[in-house]
Amino acid sequence: PPTRMPVVVGNWKMNFDHLEATYFIQKLAWTLRDVHFDNRRCEIALLPSFTSLRSVQVLVEADRLPLTYGAQSVSVTTQGAFTGDISADMLARLGCTYVLVGHSERRKYHPEDDANIVDQVRAVLAAGMHPILCVGESFEERRQGIALDFAVGQVSDVTRDLSDEQTSHMLIAYEPVWAIGTGMVATPQSAQDAARAIRDHVRSTFDETVASSVRVLYGGSVTSRDVAQLIEQPDIDGFLVGGASLDVDEFTSIARLTE
Ligand code: PEP
């Protein structure tokens, strides 16, 4: 089967202005060089605020830094009278590789339902970028024993009308809502069970090529303590990291353990 490049994605959420982002990227670049980080073995991606993307692009391109980056959400429309929105083309022009779609905080604080999430995925794909679709059950669904069905159902709702080609460009982050920002990490086995259920679903809906190329990430209170056991799991291809992505040393440790 094709090998899936592991990826560690830092979701900065609403942290760091562009000066802080610049400082972080420079410090990260020095640290990665110091530890001889090998970006052929693990990809590092950052998701800054919209306001920092231009600064990140300039640094990454000028110094050819071994980093990719993207945005945390996107408008479903391409242009026009949508005050305050940012289009996928605008992000692509800034060199974004990824756009996070359907993060639980967006689902909670903004009216982002499945239909809107599907449209975001389509907008990201149409602009030539890769959506990172976030799915995962709440504590209530876990308690009821329907966690996997719930997460797989979310994947199904979003990918149902996509082509093989479109789906193969996606990343899927399994992020149980009860684990995000709580310090509670899924056990390696339950994260693997979910990642595997998601991949099995992709295989049965599309085909083996798509299933073996889609990268499935785990997210939810990941720190360097958890990474070694999680990355050993056959269906976990990397991490979506919130809190621990705000510290250069901790984030570097996570990437090195994923390498
Ligand atoms: C996230 O926001 O995607 C996330 C996983 O956050 P944290 O690592 O802080 O739980």
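Every value quoted in this text rests on a predicted model; they were computed, and no experiment measured them.

The rules behind each value
Residues numbered from 1 in each chain as written. Predicted model: local features only at pLDDT ≥ 70, side-chain atom pairs only at ≥ 80, totals over all residues. Near = placed C-beta within 6 Å. Nonpolar A, V, L, I, M, F, W, Y, C, P; charged D, E, K, R; others polar. Buried ≥ 20, exposed ≤ 12 C-beta atoms within 10 Å, placed from the backbone. Helix = DSSP H or I, 4+ residues; strand = E, 2+ residues; numbered from the N terminus. Pairing = 2+ DSSP bridges. Right-handed = clockwise from strand over helix to strand, strands pointing away. Axes fitted to C-alpha atoms, helices over the stretch in contact; angles between N-to-C directions. Parallel < 35°, antiparallel > 145°, perpendicular 65-115°, else oblique. Left-handed = near helix turned anticlockwise from the far one by under 90°. Contact = placed C-beta atoms within 7 Å. Core = buried A, V, L, I, M, F, W, Y, C linked by C-beta atoms within 7 Å. UniProt positions renumbered as here; feature names shortened; annotations may be inferred.

1. Focus on the site of the ligand
And step 1. Near the ligand, the surroundings consist of 13 residues, among which Ile180, Gly219, Ser221, Gly242 and Gly243 are the closest.
And step 2. Class assignment for the residues of the shell around the ligand results in 5 nonpolar, 7 polar and 1 charged.

2. Quick notes on the pairing of strand S1 (residues 7-11)
And step 1. Burial runs high along S1: 5 of the 5 residues are buried.
And step 2. Neither face of S1 is left uncovered, since the one carrying Val7, Val9 and Asn11 and the one carrying Val8 and Gly10 both have all their residues buried.
And step 3. As defined by bridge partners, S1 adjoins strand S2 (residues 43-47) across 5 bridges and the pair is classed as parallel. Bridging across to S2, valine 8 finds its partner in isoleucine 44.
And step 4. Considered for its hand, the β-α-β crossover made up of S1, helix H1 (residues 18-34) and S2 is right-handed.
And step 5. Across 4 bridges, the pairing between S1 and strand S8 (residues 238-241) is parallel. Note that in S8 the partner of valine 7 across the bridge is glycine 238.

3. Quick notes on the packing of H1 against helix H2 (residues 53-62)
And step 1. Here H1 crosses H2 at 25 degrees, and the two axes come no closer than 9 Å. Put simply, H1 runs roughly parallel to H2. Handedness of the H1/H2 crossing: right-handed. Between H1 and H2, the residues in contact are His18, Ala21, Thr22, Ile25 and Gln26 and Ser55, Val56 and Leu59, respectively.

4. Comments concerning the nonpolar core
And step 1. Residues Val9, Val99, Leu133, Ile172, Tyr174, Tyr218 and Phe239 are the most contacted members of the largest nonpolar core, which totals 79 residues.
And step 2. Top element by residues in this core is helix H5 (residues 114-126). It accounts for 6 residues.
And step 3. Apart from the residues lying within four places of it in its own chain, the contact partners of valine 99 are Gly70, Ala71, Val74, Ala88, Leu91, Val124, Met129 and Pro131.

5. Remarks on the UniProt feature "active site" (unreviewed entry) in the protein chain
And step 1. Within this structure's numbering, the places UniProt gives as "active site" (unreviewed entry) are His103 and Glu175. Maximum C-alpha separation among the annotated residues is 8.6 Å over a sequence range of 73 residues, consistent with a single clustered spot.
And step 2. Note on placement: histidine 103 falls in the loop between strand S4 (98-101) and helix H4 (104-109).
And step 3. On the basis of neighbour count, histidine 103 is assigned to the buried category, with 27 C-beta atoms found within 10 Å.
And step 4. For histidine 103, the residues in contact, after removing those within four places along its chain, are Gln72 and Cys134.
And step 5. Positionally, glutamate 175 belongs in the loop between strand S6 (171-174) and helix H9 (188-205).
And step 6. Those residues in contact with glutamate 175 that lie beyond four places of it in its chain are Ser104, Cys134, Gly136, Ile180, Gly219, Gly220 and Leu240.

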